[in-house]
There are 2 protein chains.
Amino acid sequence: MQRWIVDFKDGSRDMRVLLGGKGANIAEMTRVLGPERVPAGFTITTEACVAYLRDGRFPDGLMDQVRDAMGRLEALAGKRFGDAADPLLVSVRSGARESMPGMMDTVLNLGLNDETIEGLAAKTANERFAWDSYRRFVQMFGNVVRGVPGERFEDEIARVKRERGVTLDTELDVDALRELTRTFQGFYDFPQEPGVQLEQAIRAVFDSWMGERAVAYRRIHHIPDDWGTAVNVQQMVFGNKGETSGSGVAFSRDEVTGAPEPSGDFLPNAQGEDVVSGVRNTRDIAELREWLPDVHAQLMEILRTLEAHYKDMQDCEFTVEEGRLYMLQTRNAKRPAQAAIRFAVDAVEEGLLSKAEAIATIDAAKLDALLHPTFDPTADYAVLARGVAASPGAAKGAIVFTAADAVARAQAGEDVILVRPFTEADDVAGFHAAKGVLTSEGGKASHAALVARGMGVPAVTGASDVEIDLQARTARVGDVVLREGDRIALDGTTGAITTDDVPLVEPTVDERFETVLGWCDELRRLGVRANADTPEDAARARELGAEGIGLCRTEHMFLGDRQPLMADMILAEDEAERRERLSRLLPLQQADFEGLFAAMEGRPVTIRLLDPPLHEFLPHPQDLPAGSPERARVEALQEANPMLGTRGVRLGILHPEIYEMQVRAICRAAKAVSPAPHLEIMIPLVAYEHELELMSELVERVAGEEGLQRGRDYSLGTMIELPRACFLADHISPHADFFSFGTNDLTQTGIGFSRDDIEGRILDRYLDTGILDRSPFETLDFPGVGQMVRMGAWLGRQGNPQLKLGICGEHGGDPDSIDFVHHSGIDYVSCSPFRVPIARVAAAQAAVRAAAAQDG
Amino acid sequence: MQRWIVDFKDGSRDMRVLLGGKGANIAEMTRVLGPERVPAGFTITTEACVAYLRDGRFPDGLMDQVRDAMGRLEALAGKRFGDAADPLLVSVRSGARESMPGMMDTVLNLGLNDETIEGLAAKTANERFAWDSYRRFVQMFGNVVRGVPGERFEDEIARVKRERGVTLDTELDVDALRELTRTFQGFYDFPQEPGVQLEQAIRAVFDSWMGERAVAYRRIHHIPDDWGTAVNVQQMVFGNKGETSGSGVAFSRDEVTGAPEPSGDFLPNAQGEDVVSGVRNTRDIAELREWLPDVHAQLMEILRTLEAHYKDMQDCEFTVEEGRLYMLQTRNAKRPAQAAIRFAVDAVEEGLLSKAEAIATIDAAKLDALLHPTFDPTADYAVLARGVAASPGAAKGAIVFTAADAVARAQAGEDVILVRPFTEADDVAGFHAAKGVLTSEGGKASHAALVARGMGVPAVTGASDVEIDLQARTARVGDVVLREGDRIALDGTTGAITTDDVPLVEPTVDERFETVLGWCDELRRLGVRANADTPEDAARARELGAEGIGLCRTEHMFLGDRQPLMADMILAEDEAERRERLSRLLPLQQADFEGLFAAMEGRPVTIRLLDPPLHEFLPHPQDLPAGSPERARVEALQEANPMLGTRGVRLGILHPEIYEMQVRAICRAAKAVSPAPHLEIMIPLVAYEHELELMSELVERVAGEEGLQRGRDYSLGTMIELPRACFLADHISPHADFFSFGTNDLTQTGIGFSRDDIEGRILDRYLDTGILDRSPFETLDFPGVGQMVRMGAWLGRQGNPQLKLGICGEHGGDPDSIDFVHHSGIDYVSCSPFRVPIARVAAAQAAVRAAAAQDG
């Protein structure tokens, strides 16, 4: 018979998968603090939940084991479950592998019924406490286990208080509580038998794993559906037993700032739920010192003990029953980025943690918040609409509806927000000019989101309540009509939009953060570069610690005021005309590259030659006169699937003169700047070795004409962004000095997912149905696309042991992906400048974890 | 020092890679027929050519080795090279690993100069012969080695003939020939030194490997650029030495029908070039018996000997010099499909070959021709003219007079017939584009006939009643004047030409072909199914031997008169409306499936659920009123990259009601038809195992409601057409009964090639630059996409050892791809009905080759 139950005294924190976080931590506390500090009990394992959900019934033997465990608990407590004279009462709580606060069900005071209530009242000589407990239990059981809406109970309490002329729950006397309890029992068939109560409560907790709230929470936090929850059955202690009783929550350090003083809240004469629910105003933990100085001292000591034991900031729940302190739960404290940084630095100074251990306590993904302005958290404002939090940071400005307007108004010194249904390559100049971007369509992987994140421009996308009329130049939300020039504010960290003039708080990379980043740089093996296209991007990237540019996209050098020249070039009648027009682009691009190289001061700069399909530089055919030859030529360049069409190296092979111009501009810029950059020229979208051979010949020839020599003055490599290239990497690599995996496009081709088309309907449905637990554009699809990267990396080195390997997709700034990349033989990641600090931390964490795994 | 030369006596047919086909076969003939039948000489290896092309100069030691070899040849011949009294003359011919007829250069009579001509004249006592030879040599050398345009020589000959009042070349006397030779020498600086002539000729042959014609030919025939050509230097024998001399081409069997009588053409008093060029009308080989009965008997004996030795039909070149027969070349005869089939059947009956050997002699790709239409034998039509039945099959189309026009009109979607007096290498692109070829000159061995048969294009040659005026762009037959664009029909199996719109009949598989296909079915391991969507397709597929339907695409069932219903369904306001509209499609689709199942009589039928993006069923947005809500909804369904968008299983997950309707229609049809089909339901475009799980649940539920049970009544599988699916095949396969590799889409995603966008500009450029040697949509990209298939197949069986594996891309009908598939653990291929016989033969050949490789 499988063992479905583990007593608290037999568990430990290492058993989190089986016992859930709460169960494992209660067991650990029992070991560390001694059984007198932690009420006894047992955990029903997550395996029991998984079996229940799979089969639709309790697994064989479960309830027998529960009864045995209850017997052991009775023996420890010296009370019996259902004993009319002195009943054992228990709490029944959920507890998943990862904390899902408030998402699943809890039942307290279980074991009370019309008989045991009398025993409890007599034994505690506190009739009011007993009836308050019974009332709470019947209410909670009805709501949680039987699904009776909470308002029905609350309405009844309000009615009784009205009738009795009292305002506080605590003012209700025994009579009132008894009346409420009876009324509540009438709302459903309340089971009097404690064993039945327990069985139903366990089932309710299991079921709550598949509850709507819990499923939604798991989607957001990328928690798999198949983990299941454990159930913790624990002897009740009572914080509502009078004036020397109470419940509270305590942090071993300040949970907002990370300052080394413990913080927290408590409520006298209350159960834990009252503290968390926010119904009553709590008191600061410091007041506990005056009220119950011994308990306060014990609690402070326990917090120190637990923090030292767990080597992380702790978040505890406690109950004081008639002056005696019980610890009900502890866990590593979730905390904002600034607190995480402060704790890490202090903990190292205090000798509590090594640098590696301290870095491991930081949630790298959250550091984003430290790098962008935010709405002042103390400000009051009315949310007009919400969209997808697509690019972090907050911004305010005047509404503009076109990129050209954004540029014009920004040049006039105005802060603007670019508002579009969606954005395209043409709009990129507008991103540069705008303080923020708002779109009504598209999600986190839309063009707007990607470009905005790359540039560090705050953006809210897919705000579907905002109806944008580009003709009328209005944005309508319900009755509110916003016009060009109207002021708006948006927070890309939360997705909120408001017309209120909410104050912004500027970010700072403070000294502590710098300290942590310095440690990360010592510990990490992966290099960290930035994707940067302009001198401004490059300067920002360096400030944030990038060691070089891993991807400079050159397409913006063909846009803006160069677009007409580019369009003329593409539509040129013959090669001579095309070359003439390209020659006019050359000095402009040379100047662009000079700016970039100067900003990087001799560090590596990887420049990708032109990648996007040519029609992106042309007007839309429908904007040209019908039947005109120009329209016909533009239409001839339209493609059914541009993602899989004439782009990347295919452009270079069809129109070598474009790449020649670019290489010439790069070489001349490199010669003009001192110190010369560590130059890396990158050919995009290679599938066949001979493509790279041909382009190598072209680059070497043109660079040679400019006096630059491969190996000495520059290196030459390719983006690996097609599955075929991963399979043939050992054939391609002999022609390359480096590979940079373009994981965005590799995801598109490897999974057959067009980012533009998948975002929204399909991706949402895939998350809802559990096909995906997160977007593959956010975190690398490890078993699919990730394995393609590993194959490409390994084969690449087979063909060329000196090959340098990088990753330059969006995944280069995603901590989970960075961990994977660390184990894939990659030398560096490259991400948008604002994610460079995150990548530095994540790379260090990956190294620390890898070392720990090796030691373990 | 590397050995760059192999004497004929030292070589063999196994040395084809080093010596080229011609060199290896001359060596082999020297061994088999004895040195007295084959003029002596030596071969400069392909390695020398490769080194020359790589370094731009002759490899070290080459010319020293040539001089040594010439010394050996002089010793054998008893003559010296450049001897004024009795000069040794040689031919210098190209010869690649695979025959590239007429694509590279040849120089005859090399060694003649102003001194040796006198010796030759005196020694042969035939001054006219000597000067004719010298004239030919100076002309050929100028044209081939020095690039003097051929017309300059031809114009001069015409002028001299006019002046002398003669019409035939053979009527030119010694004076005239001497005058022509002198004039020709004035066209360029003719080298008098034989050693210099030889060196320049070798260089010219090497260079011709990279000539435009040769490169174009290699593209079409998928011959790699890096093979290089060998050069054969051979003692001249002279077919132009008078009335007991001649040259000819002989086949060991009829080269058009395969009938067991030798066939061929010859010309008395001529060199080989005259026969092949089609300039003079040749005589049938049968006439040789009357003219030179001994030579005829020797030739017949030799043909039998060579055929038995090579175990294949032979195509030989011979020269008779003053009554003595020399064999200059032999090779396996290229032949039309019907001849190949007939030879295979006869050779087995004669005991010459085993069935496996016989099947190996067939070029499976050419069998297409047998499956080509012919003129309806019962049709009444007026024969306009008759020519040589040069390449089987019938064709109709608009007349074009140049290859360029053929290409242009074909690209515009028109069927065209290429009409030329005769054809040259430059015209080859036109053969590809044309449905048929008609020439007024030349016979069965003319360039036009050879090339057309090679490509499986119907052709009538030597239709001498047709007067073609290329200037005026007319073809005149008596009073009938045909102009460009006029429609014509020709039957290359009978030689008939007509302007009537004669009906073509679909091909039937004759008894011999059936015999061969029967042997193939015994020998092959791979199953062969057809891709068929309608009962008509299905019936044709069965007729042609398909064992089942490997892919039934269901999208046509939503088109035609159902499209409005489908469009309404897609644009339905809610699910109820959508289901109502689907319910009206159900009986229509059920009837479609019933027809299909009835046609297949219980054989396997794989039905793919709806795959294409929904907007394919909707009107174009620009056809709807601007600003209308309908247009907005249609526009919302447009996708940036539909190939990577909402299609395949993604449709089924977004709109399960569509798949439910399809499954219901399939199940009801299966129940209504007897015998019930062996039903296989296929889910397209799966990337994630959970997609297939969800769709399996749907199919099993709906089928269950209709009383069908998985395993018993149907199986369920998926198309593997995304790289991710290949990587995760072991996770997907536990949910599948079968995989069918959709290699078209796997090619698109694996290489990042949108077929619609790549074909044309990009593909042409890629072939031109040698990045590709053929389209990956024609023959599977073995090292890339092919490896994905192998990975998917292997992992798929790891996850489910019972998994059945098929391939249903167009590659399923391509012989080279079938060979690859044979080695990839696949159970069956599925291709278009007309390619089923080809697939049966190719599958058998793959099995035979595999067995041979194992034995070897």
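Details of the structure are given in the entry above.
What counts and how
- Residues numbered from 1 in each chain as written.
- Chains lettered and ligands numbered in written order.
- Predicted model: local features only at pLDDT ≥ 70, side-chain atom pairs only at ≥ 80, totals over all residues.
- Heavy atoms only, no water.
- Helix = DSSP H or I, 4+ residues; strand = E, 2+ residues; numbered from the N terminus.
- Buried < 20%, exposed > 50% of the residue type's maximum accessible area, 1.4 Å probe, protein only.
- Contact = heavy atoms within 4.5 Å.
- Pairing = 2+ DSSP bridges.
- Axes fitted to C-alpha atoms, helices over the stretch in contact; angles between N-to-C directions.
- Parallel < 35°, antiparallel > 145°, perpendicular 65-115°, else oblique.
- Nonpolar A, V, L, I, M, F, W, Y, C, P; charged D, E, K, R; others polar.
- Buried area = accessible area lost by both parts, 1.4 Å probe.
- Salt bridge = Lys/Arg side-chain N within 4 Å of Asp/Glu carboxyl O.
- Patch = residues over 30% accessible without salt bridge, like charges linked within 9 Å, V, L, I, M, F, W, Y side chains within 5 Å.
- Areas by Shrake-Rupley, 256 points an atom, 1.4 Å probe, with all protein chains shown as cover.
- Lys, Arg positive; Asp, Glu negative; His and termini not counted.
- Charge placed at Lys NZ, Arg CZ, Asp CG, Glu CD.
- Core = buried A, V, L, I, M, F, W, Y, C linked by side-chain atoms within 4.5 Å.

Our next topic: the environment of Arg-664 of chain B. All names here are of chain B. Checked against the element boundaries, Arg-664 lands in helix α24 (residues 656-672). Residue classification places Arg-664 among the buried residues on the basis of a relative accessible area of 18%. The spatial distance from the C-alpha of Arg-664 to the C-alpha of Phe-741 is 25 Å, given a sequence separation of 77 residues. Setting aside chain neighbours within four positions, we find Arg-664 in contact with Leu-586, Val-702, Glu-705 and Glu-706.

Residue and element names in this part refer to chain A. Backbone torsion omega between Ser-674 and Pro-675 reads -5°, so that peptide bond is classified as cis. Looking at where Pro-675 falls in the secondary structure, it is placed in the loop between α24 (656-672) and β27 (678-683). Even without being glycine, Asn-269 reaches a positive phi, approximately 50°. Not every positive phi belongs to a glycine, and Leu-685 is a case in point at roughly 60°. With respect to the secondary-structure elements, Leu-685 resides in the loop between β27 and α25 (689-705).

Now for the sheet that holds strand β5 (residues 229-235) of chain A. Residue and element names in this part refer to chain A. The strand order across the open sheet built from 5 strands is β1-β2-β5-β3-β4, with neighbouring strands paired in antiparallel fashion. For this open sheet the edge positions go to β1 (5-7) and β4 (106-110), each flanked by a neighbour on one side alone. Adjacent strand axes in the sheet meet at a mean angle of 20° when their direction is disregarded. In the packing of helix α8 (residues 194-208) onto the sheet, contacts are made with β2 (41-44), β3 (90-96), β4 and β5, and the angle to β5 comes to roughly 145°.

Below, the discussion takes up the pairing of strand β21 (residues 487-491) of chain A. Residues and elements named next belong to chain A. By the criterion of burial, β21 is predominantly enclosed, with 4 of the 5 residues buried. Here strand β14 (residues 394-400) runs beside β21; their pairing, made up of 5 bridges, is antiparallel. Bridge pairing links Ala-398 to Arg-487 in β21. Here β21 pairs with strand β22 (residues 496-498) via 3 bridges, running antiparallel. Each bridged residue has a counterpart across the sheet, and for Leu-490 the counterpart in β22 is Ile-497. Between β21 and β22, which pair antiparallel and follow one another directly, the connecting turn spans 4 residues, one of which, Gly-495, has a positive phi of 90°.

Bringing the packing of helix α19 (residues 535-543) of chain B against helix α21 (residues 575-600) of chain B into the picture now. Residue and element names in this part refer to chain B. For the pair α19 and α21, interaxial distance at closest approach is 8 Å and the crossing angle is 10°. The orientation of α19 with respect to α21, classified from their angle, is roughly parallel. Residues Pro-535, Ala-538, Ala-539 and Arg-542 of α19 lie in contact with α21, whose contacting residues are Gly-595, Leu-596, Ala-599 and Met-600. Here the contact of α19 with α21 is built from residues that sort into 6 nonpolar, 1 polar and 1 charged.

Residues and elements named next belong to chain B. If you walk across this open sheet you meet the 5 strands as β1-β2-β7-β5-β6, and the pairing is antiparallel. Each having just a single partner strand, β1 (5-7) and β6 (106-110) make up the two edges of the open sheet. If you compare each strand with its neighbour and ignore which way they point, the axes differ by 20° on average. Note: strand β5 (residues 90-96) against β6, 3 bridges, orientation antiparallel. Across the sheet, residue Val-92 finds its bridge partner in β6, namely Val-107. Together, β2 (41-44), β5, β6 and β7 (229-235) form the strand contacts of helix α8 (residues 194-208), whose direction differs from that of β7 by roughly 145°.

So, about the interface of chain A and chain B. Taken together, the contact pairs 50 residues of chain A with 50 residues of chain B. Regarding the contact of chain A and chain B, the summed buried area is about 4,400 Å², with carbon and sulfur atoms giving 61% of it. Considering only the surface of chain A that becomes buried against chain B, Leu-644, Tyr-688 and Phe-727 of chain A emerge as the three largest contributors, covering 15% of it. In this assembly, chain A and chain B are joined by 2 salt bridges. In this structure, the salt-bridge partner of Asp-781 of chain A is Arg-724 of chain B, at a minimum N-O distance of 2.6 Å. Take the side of chain A that touches chain B: its biggest share by element is 5 residues, from helix α31 (residues 782-799) of chain A.

Take a negative patch on the surface next. A surface patch of like charges, here negative, comprises Glu-151, Glu-154, Asp-155 and Glu-424 of chain B. Structurally, the position occupied by Glu-151 of chain B is in helix α6 (residues 150-164).

Before going further, it helps to examine the nonpolar core. The biggest cluster of nonpolar side chains holds 282 residues, and the ones touching the most others in it are Phe-597 and Phe-741 of chain A together with Phe-597 and Phe-741 of chain B. Counting 63 residues, the second largest nonpolar core, distinct from the first, contains Cys-49, Leu-73, Phe-141 and Leu-177 of chain B.

Turning our eyes to something else, we now look at helix α2 (residues 46-55) of chain B. Residue and element names in this part refer to chain B. Regarding α2, the residues found buried are Thr-46, Ala-48, Cys-49, Ala-51 and Tyr-52. Summarising the contacts, the buried residues of α2 are in contact with α1 (16-33), β2, α3 (62-77), α8 and β7. Directly beyond the C-terminal end of α2, a positive phi value near 75° is found at Gly-56.

Attention shifts here to the packing of α2 of chain B against α8 of chain B. Residue and element names in this part refer to chain B. Contact pair α2 / α8: the axes reach a minimum separation of 10 Å and the direction vectors enclose 80°. Between α2 and α8, the interaxial angle falls into the category roughly perpendicular. Seen from α2, the contacting residues are Ala-48, Cys-49, Tyr-52 and Leu-53; seen from α8, they are Arg-203, Phe-206 and Asp-207. Partitioning the contact of α2 with α8 into residue classes produces 5 nonpolar, no polar and 2 charged.

All right, on to the pattern of salt bridges then. Residues and elements named next belong to chain A. Here the structure, examined in full by the defined rule, presents 144 salt bridges over all chains. We note a salt bridge from Arg-562 to Asp-592, for which the minimum N-O separation is 2.6 Å. Placement of Arg-562 in the loop between β25 (549-553) and α20 (563-570) and of Asp-592 in helix α21 (residues 575-600) is noted, with a sequence separation of 30 residues between them. Comparing Arg-562 with Asp-592, the two get one shared label, buried. Note that Glu-575 and Arg-579 form a salt bridge whose closest N and O atoms lie 2.8 Å from each other. In this pair, Glu-575 and Arg-579 both sit in helix α21, 4 residues apart, roughly one turn of the helix. Classification of Glu-575 as partly exposed rests on a relative accessible area of 42%. Here the salt bridges do not stand alone but share partners, grouping Glu-575, Arg-579, Glu-660, Arg-664, Arg-668, Lys-671, Arg-701, Glu-705 and Glu-706 into one network.

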